[in-house]
Amino acid sequence: KKIFATLNVAHNRATLLLPLLQQDAIVSLNPEAFSPVPNKWGTHGWTHVDLKKVKKGLLTDALEVAHAAVASKKLTSSAKSSKPSKSRSLRKS
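Structure report, in brief. Model, not experiment: these values are computed from the prediction.

## Notes on the overall build of the protein
Stage number 1. Across its full length, the protein holds three helices and four strands.
Stage number 2. Ordering the α and β elements of the protein from the N terminus gives β-β-α-β-β-α-α.
Stage number 3. Across the 93 residues that make up the protein, the buried fraction comes to 33%.
Stage number 4. Partitioning the intrachain contacts of the protein with sequence separation of at least 6 by distance along the chain shows that 58% fall at a separation of at least 24.
Stage number 5. On the protein, roughly 6,600 Å² of surface is accessible, and the fraction owed to carbon and sulfur atoms is 59%.

Below, the structure is given as structure tokens:
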């Protein structure tokens, strides 16, 4: 029941809840597609994604990070074991 992403079809934008370190990294590396929500929500990790400008792979990575941040540890560990390992620049080391 935890929200990690929303979609605003009218503005062609998604909003993700990212851990603050990942938010800072992705906004710094891709400011044309990612930006903190411009209010108190942004200081808590909520991040706008311009769906016209973001690359599909980067959006997928960001969604996985957002989901992992709110999902139960049991759920995320079972998801990791069922997928081939990939290096992700946004994941925590």
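Further notes follow.
## Some details on helix α2 (residues 56-70)
Stage number 1. In a regular helix each residue adds 1.5 Å, so 15 residues correspond to 21 Å; α2 covers 22 Å between its end C-alpha atoms and thus fits that length.
Stage number 2. Turning to α2, its buried residues number three or more, namely Leu59, Asp61, Ala62, Val65, Ala66 and Val70. The arc that holds the buried residues of α2, viewed along the axis, is 160°, so those residues lie on one side.

## Topic: the pairing of strand β2 (residues 13-17)
Stage number 1. The buried count for β2 comes to four of five residues, which makes it a mostly enclosed element.
Stage number 2. In the sheet, strand β1 (residues 5-8) pairs with β2 via four bridges, with the strands oriented antiparallel. Bridge pairing in β2 links Ala5 to Leu16.
Stage number 3. As paired strands, β2 and strand β4 (residues 46-50) are joined by five bridges and run antiparallel to one another. If you follow Ala14 over to β4, its bridge partner there is Val49.

Definitions and limits used
Residues numbered from 1 in each chain as written. Predicted model: local features only at pLDDT ≥ 70, side-chain atom pairs only at ≥ 80, totals over all residues. Heavy atoms only, no water. Helix = DSSP H or I, 4+ residues; strand = E, 2+ residues; numbered from the N terminus. Buried < 20%, exposed > 50% of the residue type's maximum accessible area, 1.4 Å probe, protein only. Contact = heavy atoms within 4.5 Å. Areas by Shrake-Rupley, 256 points an atom, 1.4 Å probe, with all protein chains shown as cover. Expected span 1.5 Å × (residues − 1). Arc of directions from axis to C-beta. Pairing = 2+ DSSP bridges.

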